[in-house]
Amino acid sequence: MSKLKVATVWLDGCSGCHMSILDMDERLIALTEFIDIVYSPIVDTKEYPDEVDIALVEGAVASVDDEKKIRKIRAHSKLLVAMGDCAVAGNVPSMRNSIGPEAILERAYIENADCQQQIPCIVVPRLLRVVKPINEFVKVDVFLPGCPPSADTFHTALTALVTGEPLDVPALTRFGA
Ligand code: SF4
């Protein structure tokens, strides 16, 4: 049986969801019997592959860069999973929505800078006015809530997805995600 190609993606999140994936420990190694991780912050691939079976996306969409990425990911992934409350509902990154990007940039790069106060116009992608969950931009197939979802939740969800078993998300959230 050929292995499923799995990608994990980090948009505007704290990386806590990825830490929770790593918390599966030896169960992650066991899963590699069924999956290849073809793109992720924990592997070296630089470009999103043309064909991915399962994409797990952490974080909300907060910048033009995030929006471009999530549209590309959707176009090249069979199944897209919103992992964690930032991807599912905006969560922490969306706390800036009532303030607006200009005030945030001013605070970070002018008021809090000890030297060379200036708002970057290159390298740092332009912020969207409002941070939104990923389903506001693309179709999401599976929502895994939690901040972060627990390692047990990830293990149960991934096992179900790779074996084709039904995925009971309300039951997953009872793991204390
Ligand atoms: Fe971090 Fe929680 Fe957002 Fe995951 S859902 S990226 S753990 S803040």
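Above this text is the structure in question.
Parameters at a glance
Residues numbered from 1 in each chain as written. Predicted model: local features only at pLDDT ≥ 70, side-chain atom pairs only at ≥ 80, totals over all residues. Heavy atoms only, no water. Near = heavy atom within 4 Å. Helix = DSSP H or I, 4+ residues; strand = E, 2+ residues; numbered from the N terminus. Nonpolar A, V, L, I, M, F, W, Y, C, P; charged D, E, K, R; others polar. Core = buried A, V, L, I, M, F, W, Y, C linked by side-chain atoms within 4.5 Å. Buried < 20%, exposed > 50% of the residue type's maximum accessible area, 1.4 Å probe, protein only. Contact = heavy atoms within 4.5 Å.

## Description of the site of the ligand
Step number 1: If you check the shell around the ligand, you find Gly13, Cys14, Gly16, Cys17, Glu58, Gly84, Asp85, Cys86, Asn91, Gly146, Cys147 and Pro148 and nothing else.
Step number 2: Contributing elements (two or more residues each) for the shell around the ligand: helix 1 (16-22) and helix 4 (85-89).
Step number 3: Looking at the shell around the ligand residue by residue, the classes come out as five nonpolar, five polar and two charged.

## Side note on the nonpolar core
Step number 1: Membership of the largest hydrophobic core comes to 21 residues, with the highest contact counts inside it found for Tyr48, Val57, Ile70, Ile73, Leu80 and Ile134.
Step number 2: Those elements that place two or more of their residues in this core are strand 1 (4-10), strand 2 (35-39), strand 3 (52-58), helix 3 (64-75), strand 5 (77-83) and helix 4.
Step number 3: Per-element tally for this core: the top contributor is strand 3, with three residues.
Step number 4: Filtering out sequence-adjacent residues up to four positions away, Ile70 remains in contact with Leu11, Val57, Val61, Leu80, Ile134, Phe137 and Val138.
Step number 5: One finds Ile21, Leu31, Leu144 and Phe154 within the second-largest nonpolar core, a separate group that totals 19 residues.

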